[in-house]
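The chain contents come next:
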Amino acid sequence: MKMLHYVVGPIATNCYVLVSDDNEGIVIDPGASGTRIGQELEKNGVTPVAVLLTHGHFDHVGGVKDLVSFFKEKNITFPVYIMKDEMATLKDPMINRSGFMGRDMQDYSGLITDTFEPDEKRTIAGFTFQVIPCPGHTPGGCSYYFPDQKILFSGDTLFYGSAGRTDFEGSSTSAIIHSIRDRLLVLPDDVTVFPGHESETTIGFEKVNNPYAQF
């Protein structure tokens, strides 16, 4: 296993690619620069087999279309997943935040080819993961937990020493506190957390240092 990491878009969104020993890649949150991400994967000999979206904000989904198109031209196709409860965010420009920063209002729901149920477990490219529902930053956001690798992709729910914003339409402070405290910080201390923005952390560090853990 190896991990590729790209920082993309105007809000410096973390896009991660989890790569198997067979060079199959799971792309998490290609928020912008889809063509560039595709070129980087091609350069590294990685074939994408799925895109996982933690939530539907424009800065986490904005690169999907170009990434899909880049590989479709090479006769490579792959599914794009999000949790079922987040489809409403993708459809509603007021919730997905498109139209901000000079962008056109967008319905991103057409990017999705399949959806996950809350707490669903799935195996892709040899990696088994759990879809952990994490409402708060958005109504239907989630985190992806890979227990065998001891890694968590937390999207904009849990950050290093902080949490995602809850002043957007569809956000909820009480919900994100519940998501962090009762859904994520119950994971083992040695799980490495890869958030949607800024630097990585661990569950053990956040249990002690994150103010949202103290509510």
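Note: the structure precedes this text.
Structural notes, computed from the coordinates. Keep in mind the model is a prediction, meaning the values are calculated, not measured.

1. Considering the nonpolar core
Phase 1 of the analysis: One finds Y6, V17, L41, V51 and L53 to be the most contacted residues of the largest nonpolar core, which totals 27 residues.
Phase 2 of the analysis: Elements with a minimum of two residues in this core: β1 (2–8), β2 (13–19), α1 (34–43), α2 (58–61), α3 (64–72), β5 (80–83) and α4 (87–91).
Phase 3 of the analysis: Here this core takes 4 residues from α3, the largest share from any one element.
Phase 4 of the analysis: Apart from residues lying up to four places away in sequence, L53 is in contact with D29, P30, H60, V61, V64, V80, Y81, I82, I112, C142 and Y144.
Phase 5 of the analysis: In this structure, Y16, I28, M83 and F129 belong to the second largest nonpolar core, which totals 19 residues.

2. Considerations on the pairing of strand β4 (residues 47–52)
Phase 1 of the analysis: One ladder, built from 5 bridges, connects strand β3 (residues 24–28) with β4; its direction is parallel. Along β4, the bridge assignment pairs G25 with P48.
Phase 2 of the analysis: Once the chain exits β3 it traverses α1 before rejoining the sheet at β4, and the crossover so formed is right-handed.
Phase 3 of the analysis: Examined bridge by bridge, β4 and β5 share 2 bridges and lie parallel to one another. Bridge pairing in β5 links L52 to Y81.

3. Some points on unusual backbone geometry
Peptide bonds are trans in most cases, and residues, glycine excluded, mostly fall at negative phi.
Phase 1 of the analysis: Even without being glycine, A12 reaches a positive phi, approximately 50°.
Phase 2 of the analysis: By relative accessible area, which is 37% here, A12 ends up partly exposed.
Phase 3 of the analysis: Even without a glycine there, the phi angle at D119 is positive, about 65°.
Phase 4 of the analysis: Structurally, the position occupied by D119 is in the loop between β6 (114–116) and β7 (121–124).
Phase 5 of the analysis: On the basis of relative accessible area, D119 is assigned to the partly exposed category, the value being 32%.

4. With respect to the packing of aromatic side chains
Phase 1 of the analysis: Across all of its chains, the model carries 13 aromatic pairs by this definition.
Phase 2 of the analysis: Between the aromatic rings of F70 and F71, the centroid separation amounts to 5.1 Å while the plane-to-plane angle is 80°, which identifies the pairing as edge-to-face. Considered together, F70 and F71 belong to a single accessibility category, that of buried residues.
Phase 3 of the analysis: Summarising the aromatic geometry, the rings of F146 and F153 are spaced 5.6 Å apart at their centres and angled 85° between planes, so their arrangement reads as edge-to-face.
Phase 4 of the analysis: We classify F153 as buried; its relative accessible area is 0%.
Phase 5 of the analysis: Through pairs of rings, three or more aromatic residues link up here, namely Y16, Y81, F116, F127, F129, Y144, F146, F153 and F194.
Phase 6 of the analysis: Residue placement shows K74 over the ring face of F70; its charged tip is 4.7 Å from the ring centre.

What counts and what doesn't
- Every chain is numbered on its own, with residues counted from 1 as its sequence reads.
- Local features in this predicted model are restricted to residues of pLDDT 70 or higher, and side-chain atom pairs are both shown and tallied only at a pLDDT of 80 or more, whereas totals for entire chains, interfaces and linings draw on every residue.
- Side-chain numbers come from the whole structure's heavy atoms, not from hydrogens or water.
- As used in this record, nonpolar core signifies buried Ala, Val, Leu, Ile, Met, Phe, Trp, Tyr and Cys residues forming a set joined through side-chain atoms within 4.5 Å.
- Residue burial is assigned from relative accessible area. The probe radius is 1.4 Å, only protein chains are included, and a residue is buried under 20% of its type maximum, exposed over 50%, and partly exposed in between.
- A helix here means a DSSP run of H or I that spans at least four residues, while a strand means a run of E at least two residues long, and both kinds are numbered starting from the N terminus.
- By definition in these notes, contact holds between two residues if any of their heavy atoms fall within 4.5 Å.
- Two strands make a pair as long as DSSP finds a minimum of two bridges between them.
- Think of it like this: strands point away, you trace from the first strand over the helix to the second, and a clockwise trace means the crossover is right-handed.
- In summary, the pairing rule links any two rings of Phe, Tyr or Trp, Trp by its six-membered ring, whose centres are within 6.5 Å, and it sorts them by plane angle into stacked for under 30 degrees, edge-to-face for over 60 and tilted for everything else.
- Criterion for a charge above a ring: Lys NZ or Arg CZ within 6 Å of the ring centre, and within 35 degrees of the ring normal.

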